[in-house]
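Residue strings, one per chain:
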Amino acid sequence: MNNIKLIDFYVNPKIPDKLNKLNILCYNLWSTWDKHAIRLFNRIDPILYRQCNHNPVELIHNVSARRFDELANDRGFIFELNSVYKRFASYMNFRGFYYSSDDKKQFFDEDKLVAYFSMEYGLHESIPIYSGGLGVLSGDHLKAASDQGIPLIGIGLLYKFGYFSQKINHEGLQEETWKLNEWFLMPVKICKDEEDNDLIIKIKILGEEVLIKVWYISIGKIKLYLLDTDLPENKKEFRQITDKLYDSDREIRLMQEILISFGGLELINRLNLNVVVYHLNEGHSAFVIIERLRKMINEEKFTLPEAKLLVRNSTVFTTHTPVTEGNEHFKIELISKYLKHTIEKIGLSFDEFSKDGMIPDDQTHFWLPALAIKYSKYTNAVSKIHSSVSKELWHKLFPSLLKNEVPISYVTNGVHTQSWISKELSSLFDRYLGESYLHTAEDKSVWQNIKNIPDIEIWEAHKRRKEQMISFIRSRIELSHAAKKVNYTTPKKIRTILNPDILTIGFARRFAPYKRANLIISDTERILGLIKNNHKPVQFIFAGKAHPADMQGKKLIKELIDFAKIHNVEDRFVFVEDYDINVARHLVQGVDVWLNNPIKPFEASGTSGMKAGVNGVINLSVLDGWWPECYNGSNGWAINAGENLNNYDAINYAEAHQVYDLIEDEITELYYRRDETNIPSAWIEKMKNSIYTVGMGFNFHRMLRQYIDKYYIPCYNSTLDLKKNDYSLLKSFLEKEKQIFAHWEKVYVKDFFPKTINKDTPYVNTKMVNSGDTIQLEAYVFLDEMDPALINVEIFYQYQQERHYQIIPMKYIESYKDRVAKFEGEVKIVSSGLQGFNVRIAGKNNKIISPYYNYMKWKEF
Ligand SMILES: *Cc1c(COP(=O)(O)O)cnc(C)c1O
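Report follows, based on the coordinates.

Parameters at a glance
- Residues numbered from 1 in each chain as written.
- Predicted model: local features only at pLDDT ≥ 70, side-chain atom pairs only at ≥ 80, totals over all residues.
- Heavy atoms only, no water.
- Near = heavy atom within 4 Å.
- Polar contact = N/O pair within 3.5 Å; in protein donor to acceptor, adjacent residues only side chain to side chain.
- Areas by Shrake-Rupley, 256 points an atom, 1.4 Å probe, with all protein chains shown as cover.
- Helix = DSSP H or I, 4+ residues; strand = E, 2+ residues; numbered from the N terminus.
- Nonpolar A, V, L, I, M, F, W, Y, C, P; charged D, E, K, R; others polar.
- Phe/Tyr/Trp six-rings, centres within 6.5 Å; stacked < 30°, edge-to-face > 60°.
- Lys NZ or Arg CZ within 6 Å of the ring centre and 35° of its normal.
- Pairing = 2+ DSSP bridges.
- Axes fitted to C-alpha atoms, helices over the stretch in contact; angles between N-to-C directions.
- Parallel < 35°, antiparallel > 145°, perpendicular 65-115°, else oblique.
- Contact = heavy atoms within 4.5 Å.
- Core = buried A, V, L, I, M, F, W, Y, C linked by side-chain atoms within 4.5 Å.
- Buried < 20%, exposed > 50% of the residue type's maximum accessible area, 1.4 Å probe, protein only.

**A few points about the site of the ligand**
In step 1: Surveying the vicinity of the ligand reveals 14 residues, the closest of which are W420, K515, T607, S608 and K611.
In step 2: Within the side chain of S608, one N or O atom sits 2.6 Å away from an oxygen atom of the ligand.
In step 3: Here the ligand loses 95% of its free accessible area of 390 Å² to cover by the protein chains.
In step 4: Where the shell around the ligand is concerned, the elements lending two or more residues are helix 8 (133–148), helix 24 (581–590) and helix 25 (608–614).
In step 5: Grouping the constituent residues of the shell around the ligand by class yields five nonpolar, five polar and four charged.

**Side note on the packing of aromatic side chains**
In step 1: Counting across every chain of the model gives 40 aromatic pairs.
In step 2: Positioned over the ring face of F238 is K235, at 5.1 Å from the centre of the ring.
In step 3: Stacked on the ring of W394, the Lys or Arg K396 has its end atom at 5.7 Å from the ring centre.

**A word on the sheet that holds strand 28 (residues 856–858)**
In step 1: If you trace the four strands from one edge of the open sheet to the other, you get 24-23-27-28, paired in antiparallel fashion. In the strand order of this sheet, the two ends are held by strand 24 (804–809) and strand 28, each with one partner. On average, each strand axis in the sheet is inclined to that of its neighbour by 30°, with strand direction left out of account.
In step 2: Direction of pairing for strand 23 (residues 791–799) relative to strand 24: antiparallel, over a ladder of six bridges.

**Focus: the packing of helix 12 (residues 304–312) against helix 29 (residues 700–744)**
In step 1: Look at helix 12 against helix 29: their axes get within 10 Å of each other, and the N-to-C directions meet at 110°. Between helix 12 and helix 29, the angle falls in the class roughly perpendicular. When helix 12 is examined against helix 29, the residues P305, E306, L309 and L310 are found in contact with a partner set consisting of L722, Y727, L730, K731, F733 and L734.
In step 2: Per-class residue counts for the contact of helix 12 with helix 29 are eight nonpolar, no polar and two charged.

**Points about the nonpolar core**
In step 1: Membership of the largest hydrophobic core comes to 181 residues, with the highest contact counts inside it found for F287 and Y712.
In step 2: No other element matches helix 29, which puts 16 residues into this core.
In step 3: Beyond its immediate sequence surroundings of up to four residues, F287 is in contact with L254, E257, I258, S261, F262, I335, L339, F366 and L368.
In step 4: Counting 101 residues, the second-largest nonpolar core is a separate cluster that includes I520, I521, L528 and I557.

This is the structure:
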């Protein structure tokens, strides 16, 4: 070490005036997904572009002055630049359908915003601030919001080091390196204040000031703000908060989550943004709730109950984690150390407040999703199956509800089609679907014309992608061998790695044990039989990172690599290092079949299969996550042999052999069956079904439309209602809650009397009930002094193996005697089988004043 210091300064690249538009284009991420823009940047210098990881900013910083001169004098290039720029301008001027006068589509005004909070964003391979699916989903959320013209901002952290790069060493073990991010070479800019100085905001952690520098990324029309504490003015402990994504040090992690929440809100405040909906993507940013309460109470002078009501009506929470342990939680002492001070400012004791983060069988931890669920108007899971898993998981927070009724709905994930579709298919879409799918992919009629694309065109497009993928993988392997200084592979040998004529199965995802990357090698003889088959051979491509602390995940990678070595099939069973968005894009566009075999029900949604499916890569997947909602028998294959088994060994065995059977009996058969023109028309039929169903159902526009219709707009409207006439509705709700609370202890359902009416031959009071019968109920409820208008007495009726239920309000008939009131109602019996019902009392407006149902009493027996 020496003490020589240099003063850093930044030099702009010298771009000829004629090419000035490049400077604008490269700083908007639109240029990383629009195919015409990509082609333009590629034209500048294809090799350099690839070396720069397709990062347009890095590219223009590295283009030589001579090349710029050439381009400035190249009329063809200027023409292309201008036409791309025109596309960009027209994209940016697109006002979105939510501002149209068409009433059904009316969204709130442009100056009212949704604030989206996420710890990671997977926007592009050159911005490594993501680790996996959650990040890619957040990135796609912002891109689709831009496409659709939705007023939204993203809030996240600017990590000094990118998520790690993966190398596999000689022993087949994963090694991690963290590269320093060079922001001035990325499409990231510094936010400026009114005087054009760097915008610095402040929050307090442990009573000390933390300075935060604010950066932003332009994603079409959307801004993603990224917070950075790596400033010389901050002390060391604070500077390192934004070092790494998901820092494994618990205290740093907690500070990261305080930073995104408190810092995010401070930024909104500083920029004077009118945020009307707060969308918390996963539990990490749940402290937004605490800080919003504090601000409302301390700065805007609301009471605690008022503030709670307002927060609850403007928060949306998306849960992604189907196992309790994987959900974010901290020791109570740690939460107390960092947040007690803030919580006491709200006027609550820490003990009182911390209950909102606890789950019943654990009084020692604070669970962020628990807090988020209790303070959100809507909580959603990310697929239909995941919603029922989440209901089960969080049922413990709702002791007064049956599992079925736990208010966790779902919006199944989607993918931003433009970012994932190959350029070859994209140009077919332009020609056969028309370009409108760029803005309106959620319109189902757009997708019908997929069927009209000639087979040969789809097949040629796919073949081309496959060849490109293979050459991409070969050059990666060559580079990696060169870096490791191993030269046992000659260029000739490299050229034999993978064969474009062979059926290719891809598997790429995080190497978390539940995803079972090694399932396919569980029977050596059968897998080798597939690979070495003379007539219908199969080759495999794997990619994925294990979490640095996940020894089991790392072992899985080693198992795959060892398998290929031991059996001498390294040219047909390939592991691609350093899975990222770039590798993902190559694989989901280039393989033939996408294999997904997690243990059900641990895959909340999964999105890589959607990226594959929309590219005509056919899914072979466990019926978990999103797949059951898409699979229809003709668009892919389903793995379900373990469905009725309950022991993991048996499930693994059954599903592995089902996969082998499917590959042997159906997949290879279909793939290698060629018609007279030598194309596999039955296979292409399946590809088209896949593109059609996945493109139509699982694009991000459909997903975002559902978030808007189901959550964003209702949140906005109910907040608006609460505020009307100087908060009169808000006040009346709270007044009513007070009255309910005053008598709640005492009220109960004393008794009820059912009688059955048969629609054909009237009979009453029998235990035999037929479908179509009506049950009439008389209930007697002890009301004490409670005004019956403050409660609902309702029949809860459940049928079809608890899958369905109805809530039927009962009518107040009269005050009976001794403060007991009579209510009446009737249930029409539907379907058949074992069913159930009961009567309960619920506070009026339970959903608004007490979203986790404090006011609910069932008749006890
Ligand atoms: C799409 C994607 C994922 C998520 O894939 P899953 O199917 O959810 O496992 C993870 N990592 C990268 C780089 C991706 O592009």
